[in-house]
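These are the residues of each chain, in order.
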Amino acid sequence: MFSRGYNTIGRISSFEQDNQSFIFNCGERRIKIHFLTDKMFRLSMHHHNLSEEHSCAIVQKEWGNIEPHLEDVEDLFLLKTRALRLAINKDPFRLVVRDLNGRAILEDTEPAGVHWRGNRVISAKKMPSDEHYYGFGEKTGGLDKRGCHYVMRTRDSIFYQGKTDPLYTAIPFFVGVRRGQGYGIFLDNNWETFFDMGKKSNNIFFFGVTGGELNYYFFYGPDIKEVINQYTELTGKIPLPPVWSLGYHQSRWSYKSDEEVMRITDELKRYEIPCDAISLDIDYMDGFRVFTWDKRRFPDPRGLVETCRKMGFRLCAIIDPGVKVDENYDIFREGIENDYFIKRQDGTLFYGYVWPGKTVFPDFTREDVQKWWGNHVKTFQKDSGVSGIWNDMNEPSYNIKYPLRQVNVNGLIFHDNGLNTPFEKNRNVFGFLMARATYEGLLEGEPDKRHFILTRSGYAGIQKYAAVWTGDNTSSWEHLALSIPMLLNLGVSGVPFVGADIGGFAPWITSPRKLFMKLNRELIARWIQLGSFYPFARNHTIKFSKPQEPWQFDHKVLEISKKYLKLRYRWMPYLYNLFVECAHNGCPPMRALILEFPNDERCHRVDHQFMWGEFILISPVIKKRASVQDIYLPKGKWFDFHTGELYVGETTINKPITLDDIPIFIKAGAIIPCQPEMQFFKEKELNPLIIEVYPASGISSAIVFQEDDGETLDYRQGHYCTTRFELIFDKELQFTIYPREGSFEPKPRDLLLQFKHVSRPKRIGMNSLEMKENLLLESGSWKYQEASMLLEIKMKDDGVRKTLLIEF
Ligand code: GLC
């Protein structure tokens, strides 16, 4: 495949060891294998004397010492760690990675796997017939990427379709899974990169770079979640988001005056739609000049922010990278005076044409430019009081105004750590660096607070700074369905805080025949049902489109929206705890089934169902006028959330559906922390703390539930508390509430345990004392409802250990 014009790596002529690094000299090229841990190494290929390239994706940290051991065995070098065996053929260089049982995990093609032609450098691997591939960041297509070819180049992809590639973000990382065992590859290179996962060949996959070094990290699981954990160790874990940002966001392009914003907040209240945030799109600015306000339409931004806050809403304001060319505009003048904007090789400024017209762009690869930008974000935030910053058009998009006019990007020079490199080397990290500048600016302004940033573009590691949404989708069934595998693969790629525009952004062109297809009541209802389970849940639409807020359709759509958003808010403590888990191990809250059921071959291609953590399975309706739905239930027992029916998994069931609901299943043994009905974050005290339990005989489970203030970084100083809840159900049901641990103290409150779908208990004892049945469910008593088979037990939540014994 790489015969024509390609060079192939040759014989190892000499070899050096430097601690945990092994360098193999192969003629003009040197291959370096550096072990970070026993399970993780980096392979890079250099020309002689080429210095190591800088990466902004990885978190600099000490990985500790390991002792990889090298043996020289005739034709091979054998490199051993406590988890891996690397066999390196000497002539030509060829790498095979095996586990301790000798099973090949990753194998270069024969006779050799490294090829190059000009600036393109490729690594080709054998592709086992039963291997599947996930991740690759934000990509169209199905969940399993076997058979696909993808390019990593950040690009404004307005109105993208089901096969458009590339899109806005570039995350050159994937996980390979074979018979339940996983490994990961992260090709850390900012140039355009590409991955061919069996599109060109049935038994070879390859990936490569178009400039710079071949530089990839290998992560061995074998657990898929462990691969994601290691990848996010390297590229950074998500900081805990402010809890309000997990609420519902209402947006459109644009709510373009303070009156309009107030009308929306009033309507959200009037219709009782839980909501925490309103977005301000580009029209709040003065002529699209970033960091300014249109004084006619928003005369008092701080006043507006405060009024909204009193009602429970926060504002998120958009900030684009393009700076309007205008001598009377201070940001432009400052940038010019300090030479902050991107230039061409000949020293002239690079101009693009974005919302404000003629535009210049900061060179975010310079630290002083990042600082300057961050300072402006900080001041903007301080002056106005907005709670979130939304970074858009940062691929960057440089020619939206006059799409027919070519804007030439040849010959642009970026600082790039003093290397002065072209656009192609830097575009993939432009949005990433803008988000970083924004994050650092906000953090400097308010060092104790958690900040919310949303970005359209990003590179590997973007999760450290921002949530990501999937840009300009369309109001179509195709896009509703597409959003699911897109978000699931973003989750596998280390980016957990993700969402698509609920309802779709653009109301037209799904195909030329349906030129003016609009969002209708059925589609918005289905999308709100699905979007209520997006980690980032925002309804957003384009300018001039039909209003898309939940109350703009009919009574039924309104009721469905309320029901589902209320469910999101009820399960908010559970969702938040999924983020807590993610901050520890990188595992995304919205999960592909394969993450929970790696050994179930059928889960590999379940594109349109997902798990919310380990307990909740969501099967959104993705088809128009569907009256039945096939649902695949993996191993375990599953309760139909709506009816309570119990199913035994590893089977596909067929359910009748109506517009009112999408199928939701709860895994038997689930323990789900909930809050009472609330319209926004901290509207009320969390009292009672509700714990839903779904017992089934023979199934035991446990969770550790974390609480903290939800908005500051104090948790990093240990200011949080945890409670372990444990369910053991054999003949009797035993439920243990372990002593609360940690310095954060919730206000005095009750604890309400709700055991779902159980029969009437004969006796309930708490710490060996019998509890009384009481229809008013006073603290210290229980109540049973025959019709719904619901057993509720209420007690003081004083942080002390309690063991409940329930006899049925
Ligand atoms: C881009 C964004 C979209 C936004 C619009 C105007 O198209 O993707 O969300 O509404 O610009 O700012």
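In case you missed it, the structure is sitting above this.
Residue positions are counted from 1 within each chain, in the order its sequence is given. Only residues with pLDDT of at least 70 are given local features in this predicted model, and only at 80 or more are side-chain atom pairs given and counted; all residues enter the totals for whole chains, interfaces and linings. For the side-chain quantities, the full set of heavy atoms in the structure was used; hydrogens and water were omitted.

Chemist: Explanation requested: the overall build of the protein in the structure shown.
Modeler: Runs of H or I in DSSP of at least four residues are treated as helices and runs of E of at least two as strands, each being numbered from the N terminus. Helices and strands together make up the secondary structure of the protein, namely eleven helices and 53 strands. For 808 residues, the compact-globule estimate of 2.2 N^0.38 gives 28 Å, and the C-alpha radius of gyration of the protein, at 27 Å, lies within 12% of that figure. For the protein, the C-alpha atoms occupy an extent of roughly 85 × 70 × 55 Å along the three principal directions. The buried share of the protein, taken over its 808 residues, is 65%. Asp and Glu are treated as the negative residues and Lys and Arg as the positive ones, with His and the ends of the chain left uncounted. For charged residues, the charge sits on one atom: NZ in Lys, CZ in Arg, CG in Asp, CD in Glu. Considering the protein, the positive charge centre built from 104 side chains and the negative charge centre built from 105 side chains are found 4 Å apart. To get the radius of gyration, use the C-alpha atoms; to get the globule rule, take the number of residues to the power 0.38 and multiply by 2.2 Å. Classification of residues uses two cut-offs on accessible area relative to the type maximum, computed with a 1.4 Å probe and protein chains only: under 20% is buried, over 50% is exposed, and between them is partly exposed.

Chemist: What exactly am I supposed to notice about the sheet that holds strand β47 (residues 750–755) here?
Modeler: Strand pairing within a sheet occurs via backbone hydrogen bonds; the two strands may be parallel or antiparallel. Pairing in this open sheet of six strands is mixed, and the strands run β41-β42-β47-β52-β51-β50 from one edge to the other. Lying at the two open borders of the sheet, with one neighbouring strand each, are β41 (671–674) and β50 (772–773). Where β41 lies against strand β42 (residues 689–693), four bridges are found, and the strand directions are antiparallel. When the bridges of β42 are listed, I672 appears paired with E692. We treat two strands as partners when DSSP finds at least two bridges between them.

Chemist: Would you mind showing me how to read the packing of helix α2 (residues 258–270) against helix α3 (residues 301–311) here?
Modeler: The geometry of a pair of packed helices is captured by two quantities: the angle between their axes and the separation between those axes. As a rule, the C-alpha atoms of each element are fitted with a line to give its axis, helices using only the stretch in contact, and angles between N-to-C directions run from 0 to 180 degrees. Orientation of α2 relative to α3, taken along the N-to-C sense of each, is 0°, at an axis distance of 11 Å. Taken as axis vectors, α2 and α3 run roughly parallel relative to one another. Every residue of α3 that contacts α2 at D258, V261, M262, T265, D266 and K269 is listed here: L304, T307, C308 and M311. By residue class, the composition of the contact of α2 with α3 is five nonpolar, two polar and three charged. Oblique is the label for any angle not under 35 degrees, not over 145, and not in the 65 to 115 range, which are roughly parallel, roughly antiparallel and roughly perpendicular in turn. Contacts are residue-level and defined by heavy atoms, with any inter-residue pair within 4.5 Å sufficient. When residue character is reported, Ala, Val, Leu, Ile, Met, Phe, Trp, Tyr, Cys and Pro are called nonpolar, Asp, Glu, Lys and Arg charged, and the others, Gly included, polar.

Chemist: Can you help me understand the pairing of strand β44 (residues 721–729) in this one?
Modeler: Walk down a regular strand and you will see the side chains alternate between the two sheet faces. The buried fraction of β44 is high, at seven of nine residues. By the bridge criterion, seven bridges tie strand β43 (residues 701–707) to β44 in an arrangement that is antiparallel. Bridge pairing links F705 to T723 in β44. Two elements, β44 and strand β46 (residues 741–742), share two bridges in a ladder whose sense is antiparallel.

Chemist: Just to check I follow, could you spell out the site of the ligand for this structure?
Modeler: Only a single heavy atom is needed: when it lies within 4 Å of a molecule or strand, its residue is near that molecule or strand. Within the structure, the ligand sits among 13 residues, and D281, D392, R456, D472 and H540 are positioned closest to it. Here D281 contributes a side-chain N or O atom positioned 2.5 Å from an oxygen atom of the ligand. Interatomic distance of 2.5 Å between a side-chain N/O atom of D472 and an oxygen atom of the ligand. Of the residues contributing to the shell around the ligand, the split by class is eight nonpolar, one polar and four charged. Distance and chemistry together define a polar contact, namely a pair of N or O atoms within 3.5 Å, with one atom able to donate a hydrogen and the other to accept it when in protein, and with adjacent residues in sequence counting only for side-chain atoms on both sides.

Chemist: What is the right way to look at the packing of helix α9 (residues 555–570) against helix α10 (residues 572–585) in this model?
Modeler: Where α9 meets α10, the axes come as close as 5 Å, and the angle between the chain directions of the two elements is 60°. Taken together, the axes of α9 and α10 lie oblique to each other. Across the interface between the two elements, R568, Y569 and R570 from α9 touch M572, P573 and L575 from α10. Along the lines of polarity and charge, the residues of the contact of α9 with α10 split into four nonpolar, no polar and two charged.

Chemist: Honestly, empty space enclosed by the protein in this entry has me stumped. Any pointers?
Modeler: To find leftover empty space, a probe the size of one water molecule is rolled over the atoms. Residues are called lining when one of their atoms sits within 4 Å of a cavity or pocket point, these points coming from a 1 Å grid over the protein atoms alone, where a cavity is a set in which a 1.4 Å probe fits but cannot get out and a pocket is an open set with protein on both sides within 12 Å along at least five of seven lines. Grid points are joined across faces, edges and corners, and a volume is the space filled by probe spheres set on the points. The final tally for this structure, using the stated rule, is five cavities of 30 Å³ or more. A volume near 170 Å³ is recorded for the largest cavity. Together, 19 residues line the largest cavity, and P239, L240, P241, H451 and Y465 are the ones closest to its centre.

Chemist: Sorry if this is basic, but what is going on with a positive patch on the surface here?
Modeler: Taken together, the side chains of R4, R117, R120, K163, K199 and K200 present a region of like positive charge at the surface. Looking at where R4 falls in the secondary structure, it is placed in the segment before β1 (7–8). With a relative accessible area of 74%, R4 lands in the exposed category. Patch membership needs two things, relative accessible area over 30% and no salt bridge, and members are linked within 9 Å if like-charged or within 5 Å if nonpolar (Val, Leu, Ile, Met, Phe, Trp, Tyr). In short, Shrake-Rupley with a 1.4 Å probe defines the accessible areas, and a residue's cover is counted only from the protein chains shown. The working definition used for a salt bridge is a side-chain nitrogen of Lys or Arg within 4 Å of a carboxyl oxygen of Asp or Glu.

Chemist: What's the story with the packing of aromatic side chains in this structure? I'm lost.
Modeler: Here a ring pair, both rings aromatic, is described through the centre-centre distance and the interplanar angle of the planes. Aromatic rings from Phe, Tyr and Trp, taking only the six-membered ring of Trp, are treated as a pair when their centres fall within 6.5 Å; an angle between ring planes under 30 degrees marks them as stacked, one over 60 as edge-to-face, and anything in between as tilted. Tallying each qualifying case throughout the model produces 67 aromatic pairs. Ring centres 5.7 Å apart and planes at 25° place the aromatic pair F15 and F24 in the stacked group. When its relative accessible area of 0% is taken as the criterion, F24 is described as buried. Here F533 and W571 contribute two aromatic rings whose centre-to-centre distance is 6.4 Å and whose plane-to-plane angle is 50°, an arrangement assigned as tilted.

Chemist: When you look at helix α1 (residues 224–235) in this model, what are you seeing that I'm missing?
Modeler: Residues separated by three or four positions in an α-helix point in the same direction, a consequence of the helix having 3.6 residues per turn. Between the first and last C-alpha of α1 there are 17 Å, a value that for twelve residues agrees with the 16 Å anticipated at 1.5 Å per step. Among the twelve residues of α1, nine are classified as buried, and the element is accordingly described as predominantly covered. Every buried residue belonging to α1 is among I224, V227, I228, N229, Q230, Y231, T232, L234 and T235, and all of these are buried. Downstream of α1 by a residue or two, G236 has a phi angle that is positive, lying close to 110°. One less than the residue count of a helix, multiplied by 1.5 Å, gives the span that helix is expected to have.

Chemist: Could you clarify how one ought to interpret the sheet that holds strand β20 (residues 248–250) in this entry?
Modeler: As summarised here, the arrangement of the eight strands in space is β31-β30-β29-β27-β22-β21-β20-β32, forming an open sheet in which the pairing is parallel. Of all strands in the sheet, those with a lone pairing partner are β31 (498–499) and β32 (537–539), marking the two edges. Across two bridges, the pairing between strand β30 (residues 467–469) and β31 is parallel. The partner of V468 across the bridge, within β31, is V498.

Chemist: Whenever I open this one, α2 confuses me. Can you help?
Modeler: When the terminal C-alpha atoms of α2 are compared, their 18 Å separation across 13 residues agrees well with the 18 Å that a helix rising 1.5 Å per residue should span. Among the residues making up α2, those that are buried are D258, E260, V261, M262, I264, T265, E267 and L268. Buried residues belonging to α2 abut β20, β21 (277–280), α3 and β22 (314–319). Just beyond α2, the residue with positive phi is E272, at close to 55°.

Chemist: Help me understand the environment of R526, please; the structure alone is not making it clear to me.
Modeler: Looking at the element boundaries, R526 is found in helix α8 (residues 521–531). Ignoring sequence-local partners within four residues, the contact set of R526 consists of W477, L480, V621, A626, I657, T658, L659, D661 and I662. Polar contacts involving the side chain of R526 include one to the side chain of Q529, which spans 3.0 Å.

Chemist: What should I look at first to understand the nonpolar core in this one?
Modeler: Judged by nonpolar contacts, the single largest core of 219 residues is most densely connected at F186, W373, F735 and I793. A per-element tally of this core places helix α6 (residues 423–445) first, with ten residues. Among buried residues, the Ala, Val, Leu, Ile, Met, Phe, Trp, Tyr and Cys ones that are joined through side-chain atoms within 4.5 Å form a nonpolar core. In terms of nonpolar packing, the next biggest core, distinct from the first, is built from 46 residues, I12, F41, F93 and F195 among them.

Chemist: Please clarify how the pairing of strand β26 (residues 357–360) should be interpreted in this entry.
Modeler: Across two bridges, strand β23 (residues 323–324) lies against β26 in antiparallel orientation. Within the sheet, the bridge partner assigned to K324 lies in β26 and is T359. Note that strand β25 (residues 352–354) and β26 share three bridges and pair antiparallel. Directly across from G352, in β26, lies its bridge partner T359. Remark: two residues form the turn of the hairpin made by β25 and β26, two consecutive strands paired antiparallel.

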